[in-house]
Amino acid sequence: MFAHNKRLQYTVRVSETNPGLANLMLEQFGGPQGELAAALRYFTQALAEEDAGRKDMLLDIATEELSHLEVIGNIVVMLNKGAKGRLAEGVEQEAELYRAISGGGNDSHVTQLLYGAGAPLTNSGGVRWTAAYIDTIGEPTADLRSNIAAEARAKIVYERLINLTDDPGVKEALGFLMTREIAHQKSFEKALYAIQPSFPPGKMAGRPEFTSVYFNLSQGGPALHGPWNNNDNWQTVSDRDAQCAVDGGDGSASVGLTTAEEALLKRMAARTMSDPGAEPLTGAELGAGAGVNHQQVI
């Protein structure tokens, strides 16, 4: 059950209208790193969660993300207020109106016209929100890692948006939203490491002969090493032959076929076989024009 409180979680104070900035803010409204995607990601995870504590945490954070959607949506609408009245009432000549909504490099005219200067569920490029942004897989040790990464990406987008405006009220509200991304990262990470063991994700352990092998597949320059490939915990394989058929086989692909399947495949192979001695005249050669030596095979 949800109940709505008319008071925003954080007060929105916009100094002046700015449709172009409003368009950029849509990235956190209907974009892949935005608040709606986060709210639905955590809500769907919570529904399937078996641990009561994690379920409560996910529902709390999902609900808070909806409150953040409300904050960023209000910022978008406030920034668009001037354009909304101008477009709705048609108080200017068409040329003047067009210059007003598209001048100064402002690329928000599409969202202004299509959505009446509101807050559509699109990203800043006008791409509509999609459930494909929700990457839940139903395994807590995998989903929590994904949540940590999602909060990190959202924080970076908020940092970039803060750098795009000098409006003190907008910067303050965005700073709050950015800070809450940090808090959520901490909660998710604490929840992850409260699961013991939490790595590797899932139940099955990896095959020990491969779990600590690093294949040095990018070669041709100076060899660069770090804790990800060069310490007592790793076996680095640089030899090209040793990087193939690591199972000890011949590196080919094979399948067991029934007698009927094998017979059909042989018939198909015979029917579609290429003649290596053929010299067919091609359409590309015919289209090459005069001066090209055409040899027609009859």
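Residues numbered from 1 in each chain as written. Predicted model: local features only at pLDDT ≥ 70, side-chain atom pairs only at ≥ 80, totals over all residues. Heavy atoms only, no water.

### Considering helix α3 (residues 35-48)
Quick reminder: α-helices carry 3.6 residues per turn. Residues three or four places apart thus point the same way. The end-to-end C-alpha distance of α3 is 21 Å, a good match for the 20 Å that 14 residues give at a rise of 1.5 Å each. All of the buried residues in α3 are E35, L36, A37, A38, A39, R41, Y42, Q45 and A46. (Helix = DSSP H or I, 4+ residues; strand = E, 2+ residues; numbered from the N terminus. Expected span 1.5 Å × (residues − 1). Buried < 20%, exposed > 50% of the residue type's maximum accessible area, 1.4 Å probe, protein only.)

### A few points about the packing of aromatic side chains
One pass over the full model with this rule turns up 5 aromatic pairs. Ring geometry for F2 versus F43: centroids 6.0 Å apart, planes at 55 degrees, classification tilted. Taken together, the positions of F2 in the segment before α1 (19-25) and F43 in helix α3 put the pair 41 residues apart, joining distant regions of the chain. (Phe/Tyr/Trp six-rings, centres within 6.5 Å; stacked < 30°, edge-to-face > 60°.)

### Comments concerning the UniProt feature "binding site: Ca(2+)" (unreviewed entry) in the protein
Per the UniProt entry, the sites bearing "binding site: Ca(2+)" (unreviewed entry) are D56, D60, N216, S218 and G220 in this numbering. If you trace the backbone, D60 turns up in helix α4 (residues 52-79). Judged by its relative accessible area of 48%, D60 falls in the partly exposed class. S218 gets classed as exposed once you look at its relative accessible area, which sits at 69%. (UniProt positions renumbered as here; feature names shortened; annotations may be inferred.)

### Let's talk about the pattern of salt bridges
Applying the stated criterion across every chain, the model contains 7 salt bridges. Put simply, E49 and R54 hold a salt bridge, and the shortest N to O gap is 2.9 Å. A residue is classified by how much of its surface remains accessible, and R54, at 17% relative accessible area, is buried. We note a salt bridge from R180 to E64, for which the minimum N-O separation is 2.6 Å. Linking R180 in helix α9 (residues 168-193) with E64 in helix α4, this pair joins segments that are 116 residues apart in sequence. Classification of R180 by relative accessible area gives partly exposed; the value is 27%. With a relative accessible area of 12%, E64 lands in the buried category. (Salt bridge = Lys/Arg side-chain N within 4 Å of Asp/Glu carboxyl O.)

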